[in-house]
Amino acid sequence: MSREAISIEVPHQGAGHVSAIVDAPGGPLRAVYVLAHGSGAPMTSELLETLGPLIAERAGIAVVRFNYAYAERMVRTGKRLPPERRPALEAVHGAALEFARNRFPKLPLFGGGKSLGGRISTLMAADGTPFDGLVLLGYPLHPAGKLDRLRVEHFPSIETPALFLQGTRDALADLDLLERSLPDWTGPTELHVVEGADHSFAVLRRSGRTPHEVHDEIANAVDRWVGSLLGDVTTTR
């Protein structure tokens with residue numbers, strides 16, 4: 001395994017550069033995955049600090065994490081800030097995708113991320129951003145307690161294959177509603193349900209499961225799904 005901390009130039013008025021991390025296994029790679037963070041924490045959240053390198057090693061892919069500009073400012077100032085509007089998020093996200101394409105030009109490009117980062121990836125895919133696949137960790141189907149406000153209006157415009165990983169205790173994704181919404185997605189989808197997990201994939205002690213077991217399950221699911229799309233073909237950097 002290797003880890004590289006880098007800076008990505010972004011077209012954003014408030015931040016000329018954002019921090020990013022590239023985790024990669026030592027051997028041949030079969031894809032690159034640009035993993036965007038959720039709304040409340042930067043790319044170095046406890047969950048992504050665990051899943052980033054674990055997915056990289058288990059699935060044999062390079063995992064690129066980055067901060068949105070507002071998260072970069074949170075890190076620099078120590079102040080909690082709300083997410084910016086969609087255009088600002090997409091501008092930074094697009095710069096991270098461009099970096100990944102230039103850094104790994106021979107590799108299939110997967111997008112997605114945790115909650116907000118996954119949703120922004122789907123919106124970009126609906127608008128035509130090319131991805132070979134989307135890996136969505138806790139897609140925020142609706143605001144907590146507001147099951148009538150589904151974030152699915154763009155699903156019919158997406159042809160990209162997608163893997164949804166959702167916990168059974170996720171307050172932002174009623175599983176019945178998600179299963180009813182997935183047929184609207186034009187491309188192929190797969191739903192992997194993580195038993196007992198909440199929106200951050202945490203589990204209760206009484207579940208008998210450890211965080212390590214949950215994270216392993218997620219990494220294994222990503223490994224299997226990516227392999228099913230690519231036929232387990234590896235490509236040199």
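Given the structure is predicted, the values throughout are model-derived calculations rather than measurements.

Looking at this structure, I do not really get the sheet that holds strand β3 (residues 32-36). What am I missing?
Each strand in a sheet pairs with its neighbour through backbone hydrogen bonds, running either in the same direction (parallel) or in the opposite one (antiparallel). The mixed open sheet is built from 8 strands, whose spatial order is β1-β2-β4-β3-β5-β6-β7-β8. Taken across any chain shown, the strands that pair with only one partner, and hence form the sheet edges, are β1 (2-9) and β8 (189-194). Sheet twist, expressed as the mean angle between neighbouring strand axes with direction ignored, is 20°. Here β3 pairs with strand β4 (residues 62-66) via 5 bridges, running parallel. When the bridges of β4 are listed, Y33 appears paired with V63.

Can you help me understand the pattern of salt bridges in this one?
Note on pairing: side chains with opposite charge can pair once their charged atoms come close. Counted by the stated rule, this structure contains 14 salt bridges. Across the pair E49 and R65 runs a salt bridge, and its minimum N-O distance is 2.7 Å. Of this pair, E49 sits in helix α1 (residues 46-59) while R65 sits in strand β4; the two residues are 16 residues apart in sequence, bridging distant segments of the chain. Relative accessible area serves as the criterion here: at 0%, R65 is assigned to the buried category. Measuring nitrogen to oxygen at the nearest pair gives 3.3 Å for the salt bridge that ties R76 to E72. With R76 and E72 both in helix α2 (residues 69-77) and 4 residues apart, this pair spans about one turn of that helix.

Cut-offs used in this document
- Residues numbered from 1 in each chain as written.
- Predicted model: local features only at pLDDT ≥ 70, side-chain atom pairs only at ≥ 80, totals over all residues.
- Heavy atoms only, no water.
- Pairing = 2+ DSSP bridges.
- Helix = DSSP H or I, 4+ residues; strand = E, 2+ residues; numbered from the N terminus.
- Axes fitted to C-alpha atoms, helices over the stretch in contact; angles between N-to-C directions.
- Salt bridge = Lys/Arg side-chain N within 4 Å of Asp/Glu carboxyl O.
- Buried < 20%, exposed > 50% of the residue type's maximum accessible area, 1.4 Å probe, protein only.

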